[in-house]
Amino acid sequence: MTSYLVSVFTNTYFLLFVTAALGAALGKIKIKGFSLGNAAGIFSGIFVSWLVISIAKTVPETSAYYEKASGLINNGLVAQPFMMFFLILFIASVGLSVGGKIKAALNKTGLKLVVLGILIPVVAMALTWGCLMIGPSLMGNSFNGYAISGLYSGAMTNTAALGTSYEVVGDLEVADRYAALDDADKTRVLEMIGAEDTTPTDTLDGAQVGAFLGKAKAAIGTGYAISFPVGTVGIILAMSLLAAATKKKKPAGEQRAQGGGAFGGKGADNGKPFFYSAVIFGLVIAVGILLGSIEIPLGGSVSFSLSAVGGVLISAMVFSNIPRIGPFDLTMNPKTLGFLREFSLIFFMSVMGLLYGYNVVSALSGSMFVLAIMALVVEVIGILVAIFVGRVLMKMNWPLLAGAICGGCTSSVGLGTALSTMDSDEPIVGYGISQPFAILANVILISLFHSYFFI
């Protein structure tokens, strides 16, 4: 019996479907207009992740189940490709729902969305620099400036910035930059790499340079690992609260059409068979992945790409505005799109929670608590500045502004929450326009950060 229970509770598919079911149920709960919608999957995932891994950590080495428990701890509850699979499905279905709205938005508010897409990373980087300045006094011996770099990438939930950090740090002329430091900073470098003798030297040897790069990259990864889930939870709560605070009761005719089904497929059935929609859907994703894989050089070893997610979103939005090519009808069944969007969102959120849930709880209860709080502050202030500029100065409507904020934070999770909790598809447009510029700004800003920061 025990063996059976262990095999069930270490089964990826069992955990995933249980988490999704719990998330769907939790998302239906409303408190004074506030609800998480399908974004609740991340919170059920956090709970399941914390529970299962906490139990796994108690299994003794002498137990017959120690190997399985270790596998959960070391490899995670689900594999990373699950997250990307459901995310791409969600992004494609979201982009294809835009229809003709993208052209109207570009004509009216395109420049504003671009500005917001750049503004949020700029504000976040200014705050990150502030964290770098005050970090030593707040974190003491656990402070490492490279963890602050990871904090920025994680708070912006931006893997492009993370990759750029690794690349820029890997290309640092460590020995030359070390030689230009004063004795106090040279000692800090030697302490960072764990040298037995921390007496300042004129230069570093090859082994010491390698040790420095290894420590720097490890710190970047640690900062990202802690701040990414915190930033993700932050944007989910921000979008849910924004939706609850701005939602107004609409006449029945103005509500988005709701289809049936367990996931509330949206839109009327236009009679097109599922296989026809599946062919178009696959074509959109294939084109998007090709588009996202294009590397655009920015000078030196730094490059910019939309990634698979950004490429698929742009591909989907373009296809949604091209109803026909010659004799080929490219429109999809709205009911199919609605189901795919809701289904993929709840599972994407669930995978996110299962992947990062234990780390979230650990970050908020361990020595990295200060780093987690700084990441949350960086993100929240960036969002508040964007709300002030977008709403007060630019007079944008709430759904479009919510999408722009999610794009500025490069958070597809935030977009999913906005769509799940707001009675509008406009967040798609705001996200689609602002997100590419936010990615570009993140790549440039993190490169500049490392240009002026060494230790």
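Higher on the page you've got the structure.
Residues numbered from 1 in each chain as written. Predicted model: local features only at pLDDT ≥ 70, side-chain atom pairs only at ≥ 80, totals over all residues. Heavy atoms only, no water.

Draft legend 1. Quick peek at the overall build of the protein chain. Check the secondary structure of the protein chain and you find 18 helices and four strands. Residue burial in the protein chain is summarised as follows: out of 455 residues, 51% are buried. Restricting the contact set of the protein chain to residue pairs at least 6 apart, pairs at least 24 apart contribute 80%. When the accessible surface of the protein chain is totalled, it reaches about 20000 Å², and 67% of it is carbon and sulfur. (Helix = DSSP H or I, 4+ residues; strand = E, 2+ residues; numbered from the N terminus. Buried < 20%, exposed > 50% of the residue type's maximum accessible area, 1.4 Å probe, protein only. Contact = heavy atoms within 4.5 Å. Areas by Shrake-Rupley, 256 points an atom, 1.4 Å probe, with all protein chains shown as cover.)

Draft legend 2. Up close: the pattern of salt bridges. Under the definition given, this model contains two salt bridges. In this structure, the salt-bridge partner of Asp185 is Arg188, at a minimum N-O distance of 3.2 Å. Here Asp185 pairs with Arg188, and both are found in helix 10 (residues 183-192), just three residues apart, close to one helical turn. For Arg188, a relative accessible area of 35% corresponds to the partly exposed category. A salt bridge links Arg341 to Glu342; the nearest nitrogen and oxygen atoms lie 3.7 Å apart. For Arg341, a relative accessible area of 4% translates into the label buried. Here Glu342 falls in the buried class, since its relative accessible area comes to 7%. (Salt bridge = Lys/Arg side-chain N within 4 Å of Asp/Glu carboxyl O.)

Draft legend 3. Examining the nonpolar core more closely. Of all hydrophobic cores here, the largest spans 126 residues; its most connected members are Tyr146, Ile148, Phe212, Phe281, Leu371 and Phe454. Non-local contacts of Phe454, meaning those with residues more than four positions away in its chain, are made with Tyr146, Leu172, Val174, Arg177, Tyr178, Leu181, Val189 and Phe212. (Core = buried A, V, L, I, M, F, W, Y, C linked by side-chain atoms within 4.5 Å.)

Draft legend 4. Focus on helix 18 (residues 426-452). Its 27 residues give helix 18 an end-to-end C-alpha distance of 39 Å, which sits within 8% of 39 Å, the value for a rise of 1.5 Å per residue. Maximum bend of helix 18: about 35 degrees, positioned at Ser434, with proline Pro436 one to four residues after it. With 20 of its 27 residues buried, helix 18 lies for the most part within the structure. (Expected span 1.5 Å × (residues − 1). Bend = angle between axes of the 7 residues up to and from the residue.)

Draft legend 5. Spotlight on the packing of aromatic side chains. By the definition in use, this model includes ten aromatic pairs. Measuring from ring centre to ring centre gives 5.8 Å for Tyr146 and Phe212, while their planes differ by 85 degrees; the resulting arrangement is edge-to-face. Of this pair, Tyr146 sits in helix 7 (residues 145-155) while Phe212 sits in helix 11 (residues 206-246), and the two are 66 residues apart along the sequence. As far as the burial class goes, Tyr146 and Phe212 line up, both buried. Through a chain of ring-to-ring contacts, three or more aromatic side chains come together here, namely Phe17, Phe85, Phe86, Phe339, Phe343 and Phe347. Directly above the ring of Tyr178 sits Lys186, whose terminal nitrogen or CZ lies 5.4 Å from the centroid. (Phe/Tyr/Trp six-rings, centres within 6.5 Å; stacked < 30°, edge-to-face > 60°. Lys NZ or Arg CZ within 6 Å of the ring centre and 35° of its normal.)

Draft legend 6. Region of interest: the side chain of Thr410. Inspection of the secondary structure puts Thr410 in the loop between helix 16 (398-408) and helix 17 (412-421). For Thr410, a relative accessible area of 9% gives the class buried. Among all residues touching Thr410, those that are not within four sequence positions of it are Met156, Thr157, Asn158, Tyr431, Gln435, Ala438, Ile439 and Asn442.

Draft legend 7. Structural view of helix 10. For helix 10, the set of buried residues is Lys186, Thr187, Val189, Leu190 and Met192. The opening residue of helix 10 is Asp182, an N-cap whose side-chain oxygen sits 3.3 Å from the backbone nitrogen of Ala184. Gly194, located one to two residues past helix 10, shows a positive phi value of around 75 degrees. (Polar contact = N/O pair within 3.5 Å; in protein donor to acceptor, adjacent residues only side chain to side chain.)

Draft legend 8. Just a negative patch on the surface, in detail. A surface patch of negative charge is lined by Glu167, Asp171, Glu173, Asp176 and Glu295. Its place among the elements puts Glu173 in the loop between helix 8 (159-170) and helix 9 (174-179). For Glu173, a relative accessible area of 51% gives the class exposed. (Patch = residues over 30% accessible without salt bridge, like charges linked within 9 Å, V, L, I, M, F, W, Y side chains within 5 Å. Lys, Arg positive; Asp, Glu negative; His and termini not counted. Charge placed at Lys NZ, Arg CZ, Asp CG, Glu CD.)

Draft legend 9. Structural detail: the environment of Ala375. Mapped onto the elements of the fold, Ala375 is located in helix 15 (residues 369-393). You can call Ala375 buried: its relative accessible area is 0%. Counting along the chain gives 148 residues from Ala375 to Ser227, while the straight-line C-alpha distance between them is 5.5 Å. Here Ala375 is in contact with Leu151, Ala155 and Ser227, once residues within four sequence places are set aside.

Draft legend 10. Up close: a nonpolar patch on the surface. A surface patch of nonpolar side chains, amounting to about 720 Å² of accessible area, comprises Trp129, Met133, Ile134, Leu138, Ile444, Leu448 and Tyr452. Of all the secondary-structure elements, those providing two or more residues to the nonpolar patch are helix 6 (101-139) and helix 18. Along the chain, Ile444 falls in helix 18.

Draft legend 11. Here's a closer look at the side chain of Ser350. Note on placement: Ser350 falls in helix 14 (residues 334-363). The buried category is assigned to Ser350, whose relative accessible area is 0%. Not counting residues up to four positions away in its chain, the partners in contact with Ser350 are Leu16, Thr19, Ala20, Gly41, Ile42 and Gly45.

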